[in-house]
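Secondary and tertiary structure notes
Read off the chains here:
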Amino acid sequence: MSDFPTTARVVIIGGGVVGVSTLYHLAKEGWTDCVLLEKNELTAGSTWHAAGNCPNFAPNWAVMNMQRYSLEMYRTLADDVDYPMNYHVTGALRLGHTKERKQEFEQVCAQARAMGLPLEMIGIEDMKDYNPFVATHDLSGVLWDPMDGDIDPAQLTQALAKGARDLGARIERFCPATGVTQKPSGEWVVHTDKGDITCDKVVNAAGYYAARVGEWFKPYGGRDVPLTVMSHQYFLTEEILEIAAWTKENGKKTPMIRDVDSSYYLRQDKNGLNLGPYERNCKAHWTTKDDPMPHDFSFQLYPDDLERLEWYIEDAMARVPVLGTAGVGRNINGPIPYAPDGLPMIGPMPGVTNAYEAHSFTFGIVQGGGAGKVMAEWLIHGETDIDMWACDPRRYTDYADADYCESKALETYGHEYGMHFPRKNWPAGRDKKLSPNHTTLIASGAQMGAYNGWERANWFAHDGEDTTLEATETWERAGPWNAAIEREVTAATNDVAVLDMPGFSRYTLTGVGAAEWLRTQIAGALPKVGRMNLGYFTDTRGRIVTEVTIIRWADDDFWLMTAAVAQWHDFEFLRDRLTSGLTITDITKDWSTHIVSGEKSRDLLGQVGDADLSTGWLTIQDATIAGKSCKLFRINFGGELGWEVHTAFDDAATVYKAIRDAGATPFGMYALNAMRIEKGYRTWKGDLSTDYTLLEGGMERFIRFDKPQDFPGKASLLAEKQRGSKKMFCTLTFDTPAAADAPYMSPIMFGDEVVGETTSGDFGYRVNKSIALGMLRADLNVPGTKVEVAFYGARLTATVQADQPLWDPENARIKA
Ligand SMILES: Cc1cc2nc3c(=O)[nH]c(=O)nc-3n(C[C@H](O)[C@H](O)[C@H](O)COP(=O)(O)OP(=O)(O)OC[C@H]3O[C@@H](n4cnc5c(N)ncnc54)[C@H](O)[C@@H]3O)c2cc1C
């Protein structure tokens, strides 16, 4: 009798490093009745030919954390699973050529140290002590990561496979999955030529084949998987005598270098060098009908395309002259999957129940260890240890079509080491979703940004103000937008201003028992009929999953509104928890929003419509503006007297025109952010994330411990309240503002100790202060305490503020 498995708890499709690491981590957690299917031999996709470089460095907190975990794990894996492998911890030097690059390095170093990683800046003059072959005359800064190195990707995968098998998990090689069927029970049947496997959960870990595997899930709610296959090359030189001699003398390999401004890495391979560029003139594959993806590309490569690398080879030869002395040994040109932002997809598959994704890895060798852990957390617990929104597949919604994905992949690959400045809006993949007011906004000087694909004005340029992309390539606050933000804040405060805000995520929730259901889901209380309030959804640990604005039209008739980017995440989160008889419908595209803000907003709205403008804060009403039906909410994220005006999408142009014609100044998202931070209003996935509990987030006023209903996390939050939170939300102001505002995850220091981190920062024009929101050790969260915040290479003194808005602490203006 065949011993082919017919049931499993989880089936993983794909035996690259990521799929195998997921299997290993599941098995380590005791989920050993899991099966991995690999259509060829393990590693047949991108894994076998990867260079195997393993940095800690990442310009993203969640990804760096994942890489940190991988490297810690790889250091002991050979012993843990008894499978020897080649893993060289050589250290690596990152070379910077500009002031901005040095600031980026300093920022990542500070974050890394907060994570316990020994990254540091070294003197340029000391470079020779680390790697004597590198020219340094034109450098601005050098970052040293002593734990960087390279690992053999095939051996790593086999080691993980051995670990998984030893624990009892199954790997079926040469066994392609050929399709899936979902049973009414929600279970999956994964089909193969050797038989079907019925399982509770399925994972698409098919690497660059993930889009093809994703097609099978479309009948069950799936979407086109937003990935593009790029060609990525590195070449290996023959032996270089000087390198061989240095290695012999020092008994180790030279540390790798990454010349990030020139966009390549160069590392020792045996006694030669391995040069791997991310070239601007990069190439996508298998994106057109004339170039279809082959049915099987196992262990294959693309033809060499050295011409594309010429500029990089010459640049590297100038940087490391011994490179020019060696002949080319071998070139590797392989497929590598890119999500639009170059970050992997790890988490629930959008639209589909009991299905997950772990694919689109551009650095899957270094991320594989951590990704396996994260994927196992999703599968076993339905939540992750650290917030992984940066890699959540639901961050892309329906705007991510094939054109978008390809143009973004080309942009992202060509700028793999690019710096992500806070005001830089990358040009590819734009104009996917336009407001009916788009042309009017552009005619008014709007400088646009994309929010879940929707174009919104960030700021409005006046004649002569610099609107070039180059002007945005700075970490600093000063820039052409500064004067604009200030004048827009002034208008939205002392006068009246309007922000056109399409794409606010919004769902209807209806059905008998809707209110009672909501009470069992949110931590707090519901608004009365005719009113609105904020509801917080927490996970079983009391951590913040999402914040939703609850609008109550009737007893069991609600609108739920959330951030634009949360559209799919929140919809699925809510839908998956609904009880029978309740209906939730996504109506985001049917509506649009205008925020009308400022002391004179009541006068203006009185001129253009028939709303009752005497009703209080947090009231809602139906009204008419310029003959169009609207819904007016008495709320303003900018913290001034103001209303949100919600209109049918098709009426948004008429309503906006009436408001503008009546004298409202247009304002943008940058001004709104500058205003909300002065009020201490939190943003989703910055200040509000699953990294923090609702109590830590300073939201106790939104918890009703005494309500009869249970809600997820209630017990956990109660326990936390009894023992006291270790860290607490804080508002900091800088005693002397630096040239920049504090970015996300800058360490907060007390002496030499890391005592917290910032979650957002901006300049408050009404209070004339640089402000940071963050999390601070509870005992230090006392108004007046002096701390320091480390960012972009500086340590700035900041003062802890009282737990109240910096601007209008009594809310007199917003309630006027
Ligand atoms: C030239 C090059 C150099 C690179 N260098 C590095 C580096 O230095 N460091 C680094 O971190 N990353 C590097 N990468 C990236 C790295 O190779 C990938 O990120 C990583 O291998 C992805 O692993 P994976 O498991 O997601 O996908 P894959 O390794 O592609 O595995 C997917 C597997 O799924 C299988 N599969 C597909 N369809 C089916 C099906 N229907 N049924 C069953 N099995 C299926 C495939 O056969 C394949 O084995 C490099 C990539 C390239 C191209």
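All values derive from a computational prediction rather than experimental measurement.

Its place among the elements puts Gly697 in the loop between α17 (669–678) and α18 (714–723). Along the backbone, Gly697 and Cys730 are 33 residues apart, and their C-alpha atoms lie at a distance of 8.6 Å. Those residues in contact with Gly697 that lie beyond four places of it in its chain are Ile544, Arg682, Leu688, Tyr692 and Phe729.

A separate point is the pairing of strand β20 (residues 355–359). Burial analysis of β20 places five of its five residues in the buried class, which makes it a mostly covered element. Judged from the three bridges that link them, strand β12 (residues 195–204) and β20 form a sheet pairing that is parallel. Counted as the bridge partner of Asn204 is Glu357 from β20. As paired strands, strand β19 (residues 345–348) and β20 are joined by four bridges and run antiparallel to one another. Bridge pairing links Gly347 to Glu357 in β20.

As far as domains go, the chain holds domain 1 (7–212 + 226–338), domain 2 (505–590) and domain 3 (726–816). Here the C-alpha centre of domain 2 lies 41 Å away from the C-alpha centre of domain 1.

This part covers the site of the ligand. In the vicinity of the ligand, 41 residues are found, and the nearest of them are Gly14, Gly16, Gly45, Gly207 and Gly364. Of all the secondary-structure elements, those providing two or more residues to the shell around the ligand are α1 (17–28), β13 (228–237), β18 (328–338) and α9 (364–381). Counted by class, the shell around the ligand contains 21 nonpolar, 18 polar and two charged residues.

This next bit is on helix α7 (residues 241–250). Among the 10 residues of α7, one are classified as buried, and the element is accordingly described as predominantly exposed. Once α7 finishes, Gly251 follows within two positions and takes phi at roughly 65°, a positive value.

With that settled, consider the UniProt feature "domain: Aminomethyltransferase C-terminal" (unreviewed entry) in the chain. Mapped onto this structure's residue numbering, the UniProt feature "domain: Aminomethyltransferase C-terminal" (unreviewed entry) falls at residues 729–808. Note that residues 729–808 is 0% helix and 55% strand, and that its end C-alpha atoms are spaced 19 Å apart.

The subject of this paragraph is α17. In terms of burial, α17 is a largely internal element, eight of the 10 residues being buried. Tyr670, Ala671, Leu672, Ala674, Met675, Arg676, Ile677 and Glu678 are the residues of α17 that are buried. Contact partners of the buried residues in α17: β22 (454–460), α12 (481–494), β23 (497–500), β36 (753–764) and β37 (769–777).

Time to look at the sheet that holds strand β4 (residues 87–89). The sheet built from three strands is open, its strands ordered β3-β8-β4 with antiparallel pairing. The open sheet has two free edges, formed respectively by β3 (53–54) and β4, since each of these has just one partner strand. As paired strands, β3 and strand β8 (residues 149–151) are joined by two bridges and run antiparallel to one another. Among the inter-strand pairings, Cys54 is bridged to a residue of β8, identified as Gly149.

Of the two faces of strand β2 (residues 34–37), both are covered, the one formed by Cys34 and Leu36 as well as the one formed by Val35 and Leu37. Sheet topology note: the strand β1 (residues 7–13)/β2 ladder contains four bridges and is parallel. Residue pairing across strands places Ile13 opposite Leu37, the latter belonging to β2. Pairing of β2 with strand β9 (residues 170–172) involves three bridges; the strand directions are parallel.

The rules behind each value
- Residues numbered from 1 in each chain as written.
- Predicted model: local features only at pLDDT ≥ 70, side-chain atom pairs only at ≥ 80, totals over all residues.
- Helix = DSSP H or I, 4+ residues; strand = E, 2+ residues; numbered from the N terminus.
- Contact = placed C-beta atoms within 7 Å.
- Buried ≥ 20, exposed ≤ 12 C-beta atoms within 10 Å, placed from the backbone.
- Pairing = 2+ DSSP bridges.
- Domains from an automatic or database assignment.
- Near = placed C-beta within 6 Å.
- Nonpolar A, V, L, I, M, F, W, Y, C, P; charged D, E, K, R; others polar.
- UniProt positions renumbered as here; feature names shortened; annotations may be inferred.

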